[in-house]
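# Inside the fold
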Amino acid sequence: MKKGIIILFAATLGLAACNNYKKGPGGLMYQIHKDGGNEKIKEGDIVKLNFTQKNERDSIMFSTYDIDQAQIFPVGKKVYAGDMNDVLYLFGEGDSATFKLNLDTMAKYSGQPKPPTAGKDTYLVFTVKVEKVLKKAANEADSTFQKKAQEFFQKDYTDNIAKIKGAEAGKIKTFVDDNKLKTQTTASGLQYVIITPGSAQKAVLGDTLMLKYTGKLLTKASDGSERIFDTTDEKIAKAAKIHNPMAQYVPRAFTLGAAIPGFDEGIQLIGKGGKIHLIIPSLLAYGESGNPQGKIAPFSPLSFEVEIVDIKKPTGVPAAPVAPPVPTAPVK
């Protein structure tokens, strides 16, 4: 009986949440959490947004909070009622809201079918915070406005990067403490824990190593999950939702000297059969640029758990290493 009451209560809450949404054009549904009371966004404004994109099963598809970078872009003219630009016209600086974009409406006007990942979903769900709206003043020349916007957001970006850089040491300490790791630190700043030292045979520059590994960021995602960006373990890849059906989940080949500095340094600390946990500061990883695929933000320290399965000496013309799937993990 109690179980039935709980289910009924949960269903009532879900219905109430749905009823809180207002209906907009084109099948749009939205809910304003906070109204900053400022002038609404218009076509031509430049906005800075933080947002989380989910499917209807509440799985996070993308979050600006996970990459520590808000999105900045000019607001265009709406193409159809209920499109992304039409949605933004409802909000102003300081507002936060959740809205649902109708996938069928998007497919109808874009001419593109619903993505296979959408399944039976009707909506894409966005929770948005409008951080900044830069508006063009009356009679202001386009060139003047563009210059003002460029200067403003360049400073904003620089300040944000400085903030992220300043937080890196704290991220590393928190990760080490939370995982109760007793690390050693090299002169370069690489931290490591040798799990199994392996044999006396160690790799030297030019050797090809067959590796099992998992790479992740030190901070968790918005939903509390670990932010794994590459692995040779198929089970881990599936759990992290980064599984690539085209990839072979077997030990992968890397040539020593062709990886990011912290990875190269770390795998030389163990021998064949060895296992090591590396905590690599961004200076020894992807630095102030992050990685090209956008999975690793600027000044992101990384964690790698690595096992050396085999070490192969070069014979004749060295064979090219097997390229890991995108996003590449320890490759420069």
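The structure reproduced in this document is the subject of the present report. Just so it is clear, the model here is predicted, and its values are computed rather than measured. (Residues numbered from 1 in each chain as written. Predicted model: local features only at pLDDT ≥ 70, side-chain atom pairs only at ≥ 80, totals over all residues. Heavy atoms only, no water.)

### As for the environment of K173
Definition in use: Helix and strand definitions here come from DSSP, where helices need a minimum of 4 consecutive H or I residues and strands a minimum of 2 consecutive E residues; each element is numbered from the N-terminal end.
Inspection of the secondary structure puts K173 in helix α4 (residues 142-178). Residues K173 and L218, spaced 45 residues apart in sequence, show a C-alpha to C-alpha distance of 9.8 Å.

### Focus: the nonpolar core
Quick reminder of the rule: Definition of nonpolar core: a set of buried residues of the types Ala, Val, Leu, Ile, Met, Phe, Trp, Tyr and Cys, connected through side-chain atoms within 4.5 Å. Relative accessibility decides the category of a residue: with a 1.4 Å probe and only protein chains considered, values under 20% of the type maximum give buried, values over 50% give exposed, and everything between is partly exposed. Throughout, a contact is declared for two residues whenever any of their heavy atoms are within 4.5 Å.
If you look at the biggest cluster of nonpolar residues, it comprises 27 residues, and the most contacted ones within it are F263, L278, I280, L302, F304 and V306. Breaking this core down by element, the ones donating at least two residues are β10 (208-217), α6 (261-267), β13 (275-280) and β14 (302-312). When residues in this core are grouped by element, the largest group, five residues, is from β14. With residues near it in sequence (within four places) discarded, L278 still touches L190, Q191, Y192, G262, F263, G266, L302, S303, F304 and V306. Of all hydrophobic cores here, the second largest spans 20 residues; its members include I41, F91, L103 and V128.

### Regarding helix α3 (residues 103-110)
In an α-helix, one turn spans 3.6 residues, which is why side chains three or four residues apart end up on the same side. Three or more residues of α3 are buried, namely L103, T105 and A107. The inward-facing, buried residues of α3 contact β6 (96-102) and β7 (123-134).

### Considerations on the side chain of D86
Of note, D86 is situated in helix α2 (residues 84-88). A relative accessible area of 10% means that D86 is categorised as buried. Excluding its chain neighbours within four sequence positions, the residues that come into contact with D86 are P25, K78, Y80 and A81.

### Topic: the packing of aromatic side chains
The condition that has to hold: Two aromatic rings from Phe, Tyr or Trp, using only the six-membered ring of Trp, form a pair when their centres are within 6.5 Å; if the ring planes differ by under 30 degrees the pair is stacked, by over 60 it is edge-to-face, and anything between is tilted. As a reminder, the over-ring test applies to NZ of lysine and CZ of arginine, requiring each to be within 6 Å of the ring centre and within 35 degrees of the ring normal.
For the coordinates displayed, the defined rule picks out twelve aromatic pairs. Relative to Y109, the ring of Y80 has its centre 4.7 Å away and its plane inclined at 10°; by these criteria the two rings are stacked. Taken together, the residues Y80 in the loop between β5 (71-74) and α2 and Y109 in helix α3 connect sequence positions 29 residues apart. Overall, the relative accessible area of 46% leaves Y109 in the partly exposed class. Feature note: the residues F51, F62, F91, F99 and F126 constitute an aromatic cluster, connected by ring pairs. Residue placement shows K100 over the ring face of Y21; its charged tip is 4.6 Å from the ring centre. Of note, K100 hangs over the ring of Y123, and the distance from its end group to the ring centre comes to 5.7 Å.

### What to know about the pairing of strand β3 (residues 46-54)
Inclusion rule: In short, DSSP must find at least two bridges between two strands for them to pair.
Most of β3 sits inside the fold, with eight of its nine residues counted as buried. As paired elements, β3 and β5 share four bridges and run antiparallel to each other. When the sheet's bridge partners are listed, I46 is paired in β5 with P74. Pairing analysis gives nine bridges linking β3 to β7, with the strands arranged antiparallel. Paired with F51 across the two strands is V128, which belongs to β7. Across three bridges, β3 lies against strand β4 (residues 60-63) in antiparallel orientation. If you follow K54 over to β4, its bridge partner there is I60. The antiparallel pairing of β3 with β4 creates a hairpin that spans five residues between the two strands, and D58 there sits at a positive phi of about 70°.

Read these as geometric descriptors, not functional statements.
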